[in-house]
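# Inside the fold
Chain by chain, the residues run as shown.
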Amino acid sequence: MKFAIISAGEGSRLSQEGVRLPKPLVQLNGTAMIDRLIRIFEANGAEQVVVIINNEVPETKAHLAELKKTSGVPLEVVVKTTPSSMHSFYELSRYLKDDKFCLTTVDTIFREDEFARFIEAFKASDKDGMMAVTDYIDDEKPLYISTDEELNITGFHDEATPQCRYISGGIYCLTPKAIRTLEGCMEKGMSRMRNFQRQLVADGLRLTAYPFSKILDVDHASDIVKAEAFLNRKE
């Protein structure tokens, strides 16, 4: 199974708030966020990790070049500035067409034990996709997920409905079927990951929700403190 990281954003909100490091290199408890993800993926049996970064930040490029020399898992780095996360996913997709894969963004923070159970559940699943979800909402524009009683996903929504117990956690386990949907989205000029997710449902892919207790994103300087407290179980 392969793992992929979207790390092509500029982290402009963090830099405006005084954080000097590029977002992938922002440290949580002394470890760069991108290093943390790669280590976790390796611990969960990654055959390869594919990362996309933009070509505006030489520090990140240099960091990953060094990491590539010492990583215990094959590391592929795509350097390209893209207009959206979905475009970044498209650039990564050529590496992901032959097996199940897990995709997330560099600033997605979760508990390692929950992630390990999530990956094992997906490896054993016959579904087309398994999406990490959480009922913890600390997002400016959450993507709500409606499910049936068996946690099969029935829709993705900008506003909550009575069927929406969870929001998207931004960790996607998918099969190569999803790449065909992605390619169709690109042909139609779509650019948002939430529209890609809606198209997965429209295309009839069988998706299931996998609940996490909490998933955080690091978008603001204050989120660094929240994330460290969460990982230290002091929140």
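Residues numbered from 1 in each chain as written. Predicted model: local features only at pLDDT ≥ 70, side-chain atom pairs only at ≥ 80, totals over all residues. Heavy atoms only, no water.

### Focus on empty space enclosed by the protein
- Counting across every chain of the model gives 1 cavity of 30 Å³ or more.
- As a volume, the largest cavity reaches approximately 40 Å³.
- For the largest cavity, the lining is made up of 10 residues, of which Gly9, Pro24, Asn54, Val57 and Thr60 are closest to its centre.
- Here the residues of the lining of the largest cavity sort into 4 nonpolar, 4 polar and 2 charged. (1 Å grid on protein atoms, 1.4 Å probe; cavity = no way out; pocket = protein on both sides within 12 Å on 5 of 7 lines; lining within 4 Å. Points joined across faces, edges and corners; volume = space filled by probe spheres on them. Nonpolar A, V, L, I, M, F, W, Y, C, P; charged D, E, K, R; others polar.)

### Considering the nonpolar core
- Residues Val49, Phe115 and Phe118 are the most contacted members of the largest nonpolar core, which totals 42 residues.
- Per-element accounting of this core gives the leading share, 6 residues, to helix H2 (residues 33-43).
- Ignoring any residue separated from it by four or fewer positions in sequence, one finds Val49 in contact with Phe3, Ile5, Ile38, Phe41, Val73, Pro74, Leu75 and Glu76. (Core = buried A, V, L, I, M, F, W, Y, C linked by side-chain atoms within 4.5 Å. Buried < 20%, exposed > 50% of the residue type's maximum accessible area, 1.4 Å probe, protein only. Helix = DSSP H or I, 4+ residues; strand = E, 2+ residues; numbered from the N terminus. Contact = heavy atoms within 4.5 Å.)

### Points about the packing of aromatic side chains
- With the rule as written, the count across this model stands at 10 aromatic pairs.
- Geometry around Tyr136 places Lys214 over its ring, the cationic atom sitting 4.5 Å from the centre. (Phe/Tyr/Trp six-rings, centres within 6.5 Å; stacked < 30°, edge-to-face > 60°. Lys NZ or Arg CZ within 6 Å of the ring centre and 35° of its normal.)

### Considering the layout of surface pockets
- Considered as a void within the structure, the largest pocket measures approximately 1,500 Å³ in volume.
- What lines the largest pocket is a set of 46 residues, and nearest its centre among them are Arg13, Ser85, Thr105, Asp217 and Asp219.
- Put simply, the parts of the chain that give the lining of the largest pocket at least two residues each are strand E1 (2-7), helix H1 (12-16), helix H4 (85-93), strand E11 (166-174), helix H7 (193-202), strand E13 (216-217) and helix H8 (221-231).
- By residue class, the composition of the lining of the largest pocket is 15 nonpolar, 17 polar and 14 charged.
- In terms of lining residues, the second largest pocket is bounded by Leu28, Asn29, Thr31, Arg36, Arg39, Phe110, Arg111, Glu112, Asp113, Phe230, Leu231 and Arg233.
- Within the residue set of the lining of the second largest pocket, elements represented by two or more residues are H2, helix H5 (112-124) and H8.
- Residues belonging to the lining of the second largest pocket are distributed by class as follows: 4 nonpolar, 2 polar and 6 charged.

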